[in-house]
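# A closer look at the structure
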Amino acid sequence: MNVIAATPELSAFCQQLQNQEFITVDLEFLREKTYYAKLCLIQVGSVDNAAIIDPLAEGLDLEPFFALLKNPNITKVFHSGRQDIEILYKMTGFIPEPLFDTQIAAMVCGYGDTVSYETLVNKICDIELDKSSRLSNWSLRPLDKNQLKYAMSDVTHLVNVYLSLKEQLQNNGRLHWLDEEAEILKNPETYVVNPMDVWQKIKHRSHNPKTLTILRELAAWREQRAQRKDYPRQNIIKDDLLVNIATNCPVNQEELAQVRSIRKEIVTGKLGAEILEVINAALTIPPAQYIKLPKDKPIPQGSAGLYELLKLLLKLTSLESGVVAKLIASDDDLKKFATFHDRHNPILKGWRKELFGNKALELRNGNLSFGYDAANRSIRIATNETTAEN
């Protein structure tokens, strides 16, 4: 087990990988007690080499590893790499390119929706991973052999998973399909949290513009506080309590104390004072600037039938191609297409148009039909030309 805890050894290891076509990368981190992830381990693999890098080792300079990530001739392979890439971006200010995410590739290759690494290793490598160390506290030292073995397996088996998926994509002409998905991972905006947008991820039932505006301001305050203190946002104020506060809109300590589930120490402490300050500032916002949720307009009667047929077409296309349906088109994409809102619709661009969009156009133009094939017990899709020939 190659565990690197000194800069000379790291430099030598990274130098050995500089001529590789690809490397596999995985990170172990903790963020239960912090806002920003605490990096605890770095695992790197290649066809014939692998190592665990200990970023917590005293005096270790990670610059050789960062230089390896900057090499444009090496593909960096991750599985569900968004959080790992975010950590690396926060540390270095750059995003390693080119990228290959095996979870996205697996969705294109017919392995299902957001397939796990363990599932891919089992299906592709025929290996059952020991997951007993998955929830380890990776910040503790020393790490035992089982933990190190588990960590190393995250990049060693990833080599064969990557090679298999890449071969499948090359054989079916879909390798270029990943380029569009990789653009999201390569965009720095993907890893930037705008505090004013955080409220949109909070579950609530309110449609009241004033309540939603106060919720937005409270959520932004909590996010900025969490970032400043490097503390989990939920440990400051939980989402459901934040919603209760916004709904009640207390303007003084007495009213704040009446909010359901709020603790006395919050009401009388610094948090309570900050909450009231945020609410009172929010109340000065002109009503014209309040949040207004867009109303869900029902699909016009003339388009409702087309929308239902598009859902069927999407499902059949997904089954036939092996590509996860939600990767091809969202429900919103289908609704827009059914109501002839084609501008910027993803299903009319790139590989999605090739796989699904062209058939959707045929359907909308009345040139595509469905039928039940009794002999094969399946739904048959046919164009008018095909039907005429038959």
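Residues numbered from 1 in each chain as written. Predicted model: local features only at pLDDT ≥ 70, side-chain atom pairs only at ≥ 80, totals over all residues. Heavy atoms only, no water.

## Examining the pairing of strand E8 (residues 378–383)
- In terms of strand pairing, strand E7 (residues 368–373) meets E8 through 6 bridges, oriented antiparallel. Each residue of the ladder has a partner; that of aspartate 373, found in E8, is serine 378.
- Here E7 folds back onto E8 in antiparallel fashion, the turn holding 4 residues, of which arginine 377 has a positive phi close to 50°. (Pairing = 2+ DSSP bridges. Helix = DSSP H or I, 4+ residues; strand = E, 2+ residues; numbered from the N terminus.)

## Remarks on the packing of helix H8 (residues 209–229) against helix H10 (residues 239–248)
- Running from N to C, H8 and H10 point in directions that differ by 135°, and their axes come no closer than 8 Å. In terms of orientation, H8 lies oblique with respect to H10. For the element pair H8 and H10, the recorded crossing hand is right-handed. Contacts between H8 and H10 pair Thr211, Ile214, Leu215, Leu218, Ala219 and Arg222 from the former with Asp239, Leu242, Val243, Ile245, Ala246 and Thr247 from the latter.
- Counted by class, the contact of H8 with H10 contains 8 nonpolar, 2 polar and 2 charged residues. (Axes fitted to C-alpha atoms, helices over the stretch in contact; angles between N-to-C directions. Parallel < 35°, antiparallel > 145°, perpendicular 65-115°, else oblique. Left-handed = near helix turned anticlockwise from the far one by under 90°. Contact = heavy atoms within 4.5 Å. Nonpolar A, V, L, I, M, F, W, Y, C, P; charged D, E, K, R; others polar.)

## Describing the sheet that holds strand E6 (residues 99–101)
- Reading across from one edge, E1-E4-E3-E2-E5-E6 is the order of the 6 strands in this open sheet, with mixed pairing throughout. Looking at strand neighbours, the two that pair on one side only are strand E1 (3–4) and E6, the edges of this open sheet.
- In the sheet, strand E3 (residues 38–45) pairs with strand E4 (residues 50–53) via 4 bridges, with the strands oriented antiparallel. Each residue of the ladder has a partner; that of isoleucine 42, found in E4, is isoleucine 53.

## Some words on the packing of helix H7 (residues 177–186) against helix H17 (residues 350–364)
- Relative to each other, H7 and H17 sit at 130°, their axes nearing to 7 Å. With respect to H17, the axis of H7 lies oblique. Taken together, the residues of H17 that come into contact with H7 (itself represented by Trp177, Glu180 and Glu181) are Gly350, Trp351, Arg352, Glu354 and Leu355.
- Taken together, the residues that form the contact of H7 with H17 break down as 3 nonpolar, 1 polar and 4 charged.

## A word on helix H1 (residues 7–17)
- Within H1 the residues assigned to the buried category are Leu10, Phe13, Cys14 and Leu17. Projected down its long axis, H1 shows its buried positions confined to an angular sector of 95°, all on one face. Turned more than 90 degrees from where H1 packs its buried face, Pro8 and Gln15 sit exposed.
- In this structure, the buried residues of H1 make contact with E1, strand E2 (22–30), E3, E4 and helix H2 (63–70). (Buried < 20%, exposed > 50% of the residue type's maximum accessible area, 1.4 Å probe, protein only. Arc of directions from axis to C-beta.)

## Quick word on the pattern of salt bridges
- A full pass over the atoms with the stated rule returns 15 salt bridges.
- Among the ionic pairs, arginine 216 bridges to glutamate 217, the shortest N-O distance being 3.0 Å.
- The partner of glutamate 308 in a salt bridge is lysine 311, and the shortest N-O contact between them spans 3.4 Å. With a gap of 3 residues between them, glutamate 308 and lysine 311 both fall in helix H14 (residues 301–321), about one helical turn apart.
- With a relative accessible area of 33%, lysine 311 lands in the partly exposed category.
- Among the charged side chains, a salt-bridge network with shared partners connects Glu97, Glu183 and Lys186. (Salt bridge = Lys/Arg side-chain N within 4 Å of Asp/Glu carboxyl O.)

## Here we look at the side chain of glutamate 118
- Tracing the backbone through its elements, the reader meets glutamate 118 in helix H5 (residues 117–125).
- As a buried residue without a salt bridge, glutamate 118 has its nearest oppositely charged side chain in arginine 134, at a separation of 5.2 Å.
- Here glutamate 118 is in contact with Leu129, Lys131, Arg134 and Tyr150, once residues within four sequence places are set aside. (Lys, Arg positive; Asp, Glu negative; His and termini not counted.)

## A short note on the nonpolar core
- Ranked by internal contacts, the top residues of the largest apolar core, which has 77 residues, are Val44, Phe65, Leu310 and Phe356.
- Of the residues forming this core, the biggest block, 6 residues, is contributed by helix H6 (residues 145–171).
- Setting aside residues up to four positions removed in sequence, leucine 310 forms contacts with Leu334, Phe337, Ala338, Phe356, Ala360 and Leu363.
- Counting 32 residues, the second-largest nonpolar core is a separate cluster that includes Tyr35, Ile236, Ile275 and Tyr290. (Core = buried A, V, L, I, M, F, W, Y, C linked by side-chain atoms within 4.5 Å.)

## A closer look at the environment of arginine 174
- Mapped onto the elements, arginine 174 comes out in the loop between H6 and H7.
- Distance in space between the C-alpha atoms of arginine 174 and leucine 41 is 33 Å, their sequence separation being 133 residues.
- Ignoring anything within four residues of it in the chain, the contact list for arginine 174 reads Val108, Leu169, Ser321 and Val323.
- Reaching out from arginine 174, the side chain makes a polar contact with the backbone oxygen of valine 108 at a distance of 3.0 Å. (Polar contact = N/O pair within 3.5 Å; in protein donor to acceptor, adjacent residues only side chain to side chain.)

## Points about the packing of aromatic side chains
- Considering all chains together, one arrives at 7 aromatic pairs under this definition.
- Geometrically, the ring pair formed by tryptophan 138 and tyrosine 150 is stacked, given 6.1 Å between the ring centres and 20° between the ring planes. With tryptophan 138 in the loop between H5 and H6 and tyrosine 150 in helix H6, this residue pair connects regions lying 12 residues apart in the sequence.
- In textbook terms, an aromatic cluster arises when at least three aromatic residues are bridged by ring pairs, as seen for Phe22, Phe100 and Tyr162.
- Arginine 364 extends its terminal NZ or CZ atom over the ring of phenylalanine 337, reaching a point 4.0 Å from the ring centre.
- Above the ring of phenylalanine 340, the side-chain terminus of arginine 364 is found at 4.2 Å from the ring centroid. (Phe/Tyr/Trp six-rings, centres within 6.5 Å; stacked < 30°, edge-to-face > 60°. Lys NZ or Arg CZ within 6 Å of the ring centre and 35° of its normal.)

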